[in-house]
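# Coordinates in review
Listed below are the residues making up each chain.
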Amino acid sequence: MRDIRLLGQPFNPGMLIGPFVQANPGLGGVCTFVGEVRSDEGVEALELTHYEPLTLPGMHELADRAFGRFDLLGLLMVHRIGQLRPGEPIVCVSAAAKHRRDAIDAVDFCMDHLKSAAWFWKREKRGDGWHWIEPRAADHSDLARWND
């Protein structure tokens, strides 16, 4: 079971995870990560833009890679685009597997790729205006773990 979405409107991760779990009978574990817009450091808004011809196909290809690498029963990957407010979910990745390690690693794998090697551009609005956000060195290191 795969559920890959790009959304222009706010979403409630809890409303997605319950049906996802129900759609994957026989699972041994589910791991879920939800990333939200930070509400600290003076962030007033976050804007995510993307390259439409590649974003959703790229997310499906990332899901294919996760299924090829880990023993998964299902994968949920939802990502927002547009302007978001502090506290709003940006991304929700949930993996269902017979064994917890595959679920945990699949979520980590997908998030590392979405954070550092995806088709999104991010900028934050603060009191002094908009600022582009680049992946940090740690984000690139996290991604490099999967290059084997």
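Whatever comes next refers back to the structure up there.
For the structure given in this document, a descriptive report is provided here. The model shown is predicted, which means the values in this text are computed figures rather than measured ones.

With their axes 9 Å apart at the nearest point, helix α3 (residues 100–116) and helix α4 (residues 137–144) run at an angle of 135° to one another. By the criterion of interaxial angle, the relationship of α3 to α4 is oblique. α4 is crossed by α3, and the crossing has left-handed handedness. For the pair formed by α3 and α4, the contact residues are Asp112, His113, Lys115 and Ser116 on the first element and Asp139, His140, Asp142 and Leu143 on the second. Taken together, the residues of the contact of α3 with α4 sort by class into one nonpolar, three polar and four charged.

Here we take up the packing of aromatic side chains. Counted by the stated rule, this structure contains three aromatic pairs. Judged by centre distance (5.6 Å) and plane angle (70°), the rings of Phe70 and Phe109 are edge-to-face. Within this pair, whereas Phe70 is found in the loop between α2 (52–69) and β4 (72–80), its partner Phe109 is found in helix α3, the two being separated by 39 residues in sequence. By relative accessible area, Phe70 is classed as buried at 8%. You can call Phe109 buried: its relative accessible area is 1%.

We now examine helix α1 (residues 13–22). All of the buried residues in α1 are Pro13, Leu16 and Phe20. Down the axis of α1, the smallest arc covering the buried residues is 70°, so these residues share one side. Along α1, exposed side chains directed more than 90 degrees from the buried face belong to Met15 and Gln22. Tucked inside the fold, the buried residues of α1 contact β1 (2–7), β2 (29–36), β4 and β6 (89–97). Between the side-chain oxygen of the N-cap and the backbone nitrogen of Gly14 there are 2.9 Å, and the N-cap of α1 in question is Asn12.

Our focus in this paragraph is the pattern of salt bridges. Inspection of every chain in the model, using the stated rule, returns ten salt bridges. Residue Glu88 is joined to Arg80 by a salt bridge in which the shortest nitrogen-to-oxygen separation is 3.0 Å. Grouping residues by exposure puts Glu88 and Arg80 together as buried. The residue Arg126 makes a salt bridge to Glu124 at a minimum N-O spacing of 2.5 Å. Among the residues examined, Arg126 registers a relative accessible area of 26% and is labelled partly exposed. Where salt bridges share partners, they join Arg38, Glu124 and Arg126 into one cluster.

Now for the pairing of strand β8 (residues 129–133). Regular strands show a simple pattern: their side chains alternate between the two faces of the sheet. Two elements, strand β7 (residues 120–126) and β8, share five bridges in a ladder whose sense is antiparallel. When the bridges of β8 are listed, Arg123 appears paired with Trp132. Here β7 folds back onto β8 in antiparallel fashion, the turn holding two residues.

Criteria and thresholds
Residues numbered from 1 in each chain as written. Predicted model: local features only at pLDDT ≥ 70, side-chain atom pairs only at ≥ 80, totals over all residues. Heavy atoms only, no water. Axes fitted to C-alpha atoms, helices over the stretch in contact; angles between N-to-C directions. Helix = DSSP H or I, 4+ residues; strand = E, 2+ residues; numbered from the N terminus. Parallel < 35°, antiparallel > 145°, perpendicular 65-115°, else oblique. Left-handed = near helix turned anticlockwise from the far one by under 90°. Contact = heavy atoms within 4.5 Å. Nonpolar A, V, L, I, M, F, W, Y, C, P; charged D, E, K, R; others polar. Phe/Tyr/Trp six-rings, centres within 6.5 Å; stacked < 30°, edge-to-face > 60°. Buried < 20%, exposed > 50% of the residue type's maximum accessible area, 1.4 Å probe, protein only. Arc of directions from axis to C-beta. Polar contact = N/O pair within 3.5 Å; in protein donor to acceptor, adjacent residues only side chain to side chain. Salt bridge = Lys/Arg side-chain N within 4 Å of Asp/Glu carboxyl O. Pairing = 2+ DSSP bridges.

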